[in-house]
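Geometric and topological summary
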Amino acid sequence: MLNMMIGFFKDLWKYRDKVKKQDKWMQKYIAQNNYALNPSWMMSTNLKIWVSEMEATFSKRFCPCFEPSSDPELNKKMMCPCEYVEDEIKEYGTCHCALFGSADLDKAGWKESSKRLMSEYQVPLNLKDGVLDTRRKPLDHRRNLPVPDAMHQLKATLNSYTGDSLKMIVETKQEVLNLEKIAFFRGYGCLSEEHTNHHEVVLQFRK
Ligand code: SF4
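This structure is a prediction, so every number in the text was calculated from the model and none was measured. (Residues numbered from 1 in each chain as written. Predicted model: local features only at pLDDT ≥ 70, side-chain atom pairs only at ≥ 80, totals over all residues. Heavy atoms only, no water.)

Examined against the element boundaries, Ser 113 turns out to sit in helix H6 (residues 107-121). Here Thr 94 takes part through its side chain, which lies 2.6 Å from a polar atom of the side chain of Ser 113. Ignoring sequence-local partners within four residues, the contact set of Ser 113 consists of Tyr 92, Thr 94, Cys 95 and Ala 98. (Helix = DSSP H or I, 4+ residues; strand = E, 2+ residues; numbered from the N terminus. Polar contact = N/O pair within 3.5 Å; in protein donor to acceptor, adjacent residues only side chain to side chain. Contact = heavy atoms within 4.5 Å.)

What follows concerns the pattern of salt bridges. When the charged atoms of two side chains with opposite charge come close together, those side chains can pair. In the structure shown here, the tally under the stated rule is 13 salt bridges. For Arg 142, the salt bridge identified is with Asp 87, shortest N-O distance 3.0 Å. Residue Arg 142 is found in the loop between strand E4 (131-133) and helix H7 (150-158), and its partner Asp 87 is found in helix H5 (residues 85-92); the two are separated by 55 residues along the sequence. Residue classification places Arg 142 among the buried positions, given a relative accessible area of 19%. A salt bridge links Glu 88 to Arg 142, with the nearest nitrogen and oxygen atoms 3.7 Å apart. In this pair, Glu 88 sits in helix H5 while Arg 142 sits in the loop between E4 and H7, placing the two residues 54 residues apart along the sequence. The pair formed by Glu 88 and Arg 142 is uniform in burial state, with each residue classed as buried. Salt bridges here are not isolated pairs; linked through shared partners, they connect Asp 87, Glu 88, Glu 91, Asp 140, Arg 142 and Arg 143. (Salt bridge = Lys/Arg side-chain N within 4 Å of Asp/Glu carboxyl O. Buried < 20%, exposed > 50% of the residue type's maximum accessible area, 1.4 Å probe, protein only.)

With that settled, consider the layout of surface pockets. Of the volumes computed, that of the largest pocket is approximately 1400 Å³. Lining the largest pocket are 38 residues, with Met 4, Asp 11, Trp 50, Lys 155 and Asn 159 positioned closest to its centre. Elements represented by at least two residues in the lining of the largest pocket include exactly helix H1 (2-14), helix H3 (41-58), H6, H7 and helix H8 (173-186). With 9 residues, H1 is the single largest residue contributor to the lining of the largest pocket. Classifying every residue of the lining of the largest pocket by side-chain character gives 23 nonpolar, 8 polar and 7 charged. What the second largest pocket holds in volume is close to 320 Å³. If you go around the second largest pocket, you meet 21 residues; those closest to its centre are Leu 145, Pro 146, Glu 171, Thr 172 and Glu 175. Sorting the residues of the lining of the second largest pocket by element identifies H7 and H8 as the ones contributing at least two each. (1 Å grid on protein atoms, 1.4 Å probe; cavity = no way out; pocket = protein on both sides within 12 Å on 5 of 7 lines; lining within 4 Å. Points joined across faces, edges and corners; volume = space filled by probe spheres on them. Nonpolar A, V, L, I, M, F, W, Y, C, P; charged D, E, K, R; others polar.)

In globular proteins that are soluble, nonpolar side chains generally tend to be buried together. Core analysis: the largest hydrophobic core is formed by 46 residues, its most contacted members being Phe 66, Leu 99, Phe 100 and Met 168. Here this core spans two domains, and each of domain 1 (2-121) and domain 2 (127-204) adds at least three residues to it. Once you skip the residues sitting within four places of it in the chain, Phe 100 turns out to touch Trp 25, Met 26, Tyr 29, Ile 30, Ala 36, Leu 37, Cys 80, Pro 81, Ile 89, Thr 94, Cys 95 and Trp 110. (Core = buried A, V, L, I, M, F, W, Y, C linked by side-chain atoms within 4.5 Å. Domains from an automatic or database assignment.)

The subject of this paragraph is the packing of H1 against H3. Axis separation between H1 and H3 bottoms out at 10 Å; the angle between their running directions is 60°. Put simply, H1 runs oblique to H3. As for how H1 packs across H3, the hand of that crossing is left-handed. Residues Met 5, Phe 8, Phe 9, Asp 11 and Leu 12 of H1 lie in contact with H3, whose contacting residues are Trp 41, Met 42, Thr 45, Asn 46 and Ile 49. Class assignment of the residues belonging to the contact of H1 with H3 gives a composition of 7 nonpolar, 2 polar and 1 charged. (Axes fitted to C-alpha atoms, helices over the stretch in contact; angles between N-to-C directions. Parallel < 35°, antiparallel > 145°, perpendicular 65-115°, else oblique. Left-handed = near helix turned anticlockwise from the far one by under 90°.)

Here's what the structure looks like:
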């Protein structure tokens, strides 16, 4: 928990200008659509940081909850604010990431949707002896993408991981490409190897 808090404030400082920029378009967007932003400062700020990080890593404003897919059409739909907002607000009261919600959603509704999101992402990691197997996660029924995906499993691992390197087992070539971009952006070493039914990616945190 302490590590997560330290990470949050470090990222907030790093992305402070970008977070302000995100807030600007988000305020306009909610006013135009009669939506609201998650009233939890911590939650909405975290999501603004993650949107900024997605934009910095992948050069486009991808949803903070899903890494880019291999399908360009789906990727277009996943730009924040994504094409699923209205539909998801009908289902959960908020979008998938609990960033935008209906203007009349009460505190309990926001809390419930935020809890739903946490329960999807705070799952036990398949991490053993420096190997993180990211496969076989449930799929989001709208995007057909895993939750949590390899990128979010890496993020969760790094909250407490102290090793110099990490081997990740992923299913698709797209996940390898995404990890390579993340590694490049964060200054990690990155080597990948293709196997018959999976790929292995070794991230080197300290050289
Ligand atoms: S789910 Fe929410 S945060 Fe994610 S892209 Fe859609 S609108 Fe943005």
